[in-house]
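Structural overview for review
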Amino acid sequence: LARTFSVPRFVFGSSLSIYGSCPADRVISEADRAAPEDVYGAAKLYVEQAGSAIATSSDHEFVSLRIGRVVGPGARSTTSAWRNEIFELLSAEVAGSITFPYTSAERVLLVHVEDAARALVTLLDASRPHHAIYNAPCESWVVHDLKNVLESLNPKLRVTPGDANAKGNPRLLDASRFQNEFRFATPSLTERLRAAAGK
């Protein structure tokens, strides 16, 4: 369809799940090998490969943005409700609870929905991206630390960690390629949480 309608650049919302599980202390960059461990990650990788093949054989550009776990208000998910609850319940005046699937010691890569959207638009608006693949800027959070921040912002909130590990995704990320090329900066997640709490 991009070729049919002469779309000059296709920007794909990919995923960090393309990298699969990585050592907890390893910082992952775009140079690391793709090794998805589930159908979701494999499908993302397939689209990247198809897009690259089309770009190689035509005048169309294909750019992929590998995005972490998106958080923010408004999402409605039965399996990952915590992604919106960490923002929506901060201003609650009655007692509330949030359950994370991951252990207290687990580390996860998080990006606010507004920052993910702005990164995609940045790639659409760029005159000519230097690369075909970028890691989206994310913040690496230990679940225990996130729990403490949330409960300190709203003492009526209780956060309960789970017993799962964050398999299939890296825990530390190098997004300097994107940040440096596009001079891309974002508010910290702590700032966004404080704003959601009205502080």
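In short, a report on the structure. (Residues numbered from 1 in each chain as written. Predicted model: local features only at pLDDT ≥ 70, side-chain atom pairs only at ≥ 80, totals over all residues. Heavy atoms only, no water.)

Our focus in this paragraph is the overall build of the chain. When helices and strands are tallied, the chain shows six helices and 10 strands. Its C-alpha radius of gyration of 18 Å places the chain within 12% of the 16 Å reference for a compact globule of 199 residues. The principal-axis extent of the C-alpha atoms belonging to the chain is close to 55 × 30 × 30 Å. Going through the 199 residues of the chain one by one, you find that 42% of them count as buried. (Helix = DSSP H or I, 4+ residues; strand = E, 2+ residues; numbered from the N terminus. Rg over C-alpha atoms; globule rule 2.2 N^0.38 Å. Buried < 20%, exposed > 50% of the residue type's maximum accessible area, 1.4 Å probe, protein only.)

The next point concerns the pattern of salt bridges. Here the structure, examined in full by the defined rule, presents nine salt bridges. Note that Arg26 is salt-bridged to Asp32, the shortest N-O span being 2.5 Å. Among the residues examined, Arg26 registers a relative accessible area of 42% and is labelled partly exposed. Here the salt bridges do not stand alone but share partners, grouping Glu114, Asp115, Arg118 and Arg192 into one network. (Salt bridge = Lys/Arg side-chain N within 4 Å of Asp/Glu carboxyl O.)

Because side chains alternate across strand β9 (residues 157-160), one face comprises the buried residues Leu157 and Val159, and the other comprises Arg158 and Thr160, none of which is buried. For strand β5 (residues 96-99) and β9, the ladder comprises four bridges, and the chain directions are parallel. Pairing of Thr99 across the sheet is with Thr160, part of β9. (Pairing = 2+ DSSP bridges.)

Next up on the list: the sheet that holds strand β7 (residues 133-135). With parallel pairing, the three strands of this open sheet are ordered in space as β1-β3-β7. Either end of the sheet is taken by a strand with one partner, and the two such strands are β1 (9-15) and β7. Within the sheet, the average angular offset between the axes of one strand and its neighbour, ignoring direction, is 20 degrees. Sheet analysis places β1 next to strand β3 (residues 61-67), joined by seven bridges and oriented parallel. Looking at β3, one finds that Phe12 is bridged to Ser64. Sheet contacts for helix α1 (residues 39-56): β1, β3 and β7; angle to β1, the most-contacted strand, approximately 160 degrees. Across the sheet, helix α3 (residues 113-125) lies against β1, β3 and β7, angled at about 150 degrees from β1, the strand it touches most. (Axes fitted to C-alpha atoms, helices over the stretch in contact; angles between N-to-C directions. Contact = heavy atoms within 4.5 Å.)

Before going further, it helps to spend a moment on α3. End to end, α3 covers 18 Å across 13 residues, agreeing with the expected 18 Å (1.5 Å per residue, within 8%). Looking at the buried positions of α3, the neighbouring elements they touch are β1, β3, β6 (107-112), β7, α5 (176-182) and α6 (189-196). (Expected span 1.5 Å × (residues − 1).)

Strand order across the open sheet formed by three strands is β4-β6-β8, with mixed pairing between neighbours. The open sheet has two edge strands, β4 (69-71) and β8 (139-142), and neither has a second partner. Taking each pair of neighbouring strands and ignoring which way they run, the sheet shows an average axis angle of 50 degrees. Relative to β8, β6 is paired through four bridges, and the arrangement is antiparallel. When the sheet's bridge partners are listed, Arg107 is paired in β8 with Val142. Packing of α3 onto the sheet brings it into contact with β4 and β6, and relative to β6 it is tilted by some 65 degrees. Its contacts with the sheet put α6 on β4, β6 and β8, and the angle it makes with β8 is roughly 70 degrees.

What follows covers the nonpolar core. Trp82, Ile86, Phe100, Leu110, Leu150 and Leu193 are the most contacted members of the largest nonpolar core, which has 21 residues in total. Among the elements that make up this core, the one with the highest residue count is helix α4 (residues 143-153) (four residues). Those residues in contact with Leu193, other than ones at most four positions away along the chain, are Ile86, Phe87, Leu90, Leu146, Val149, Leu150 and Leu153. Counting residues in each nonpolar core, the second largest holds 14 residues, with Val11, Ile67, Tyr134 and Ala136 among its members. (Core = buried A, V, L, I, M, F, W, Y, C linked by side-chain atoms within 4.5 Å.)

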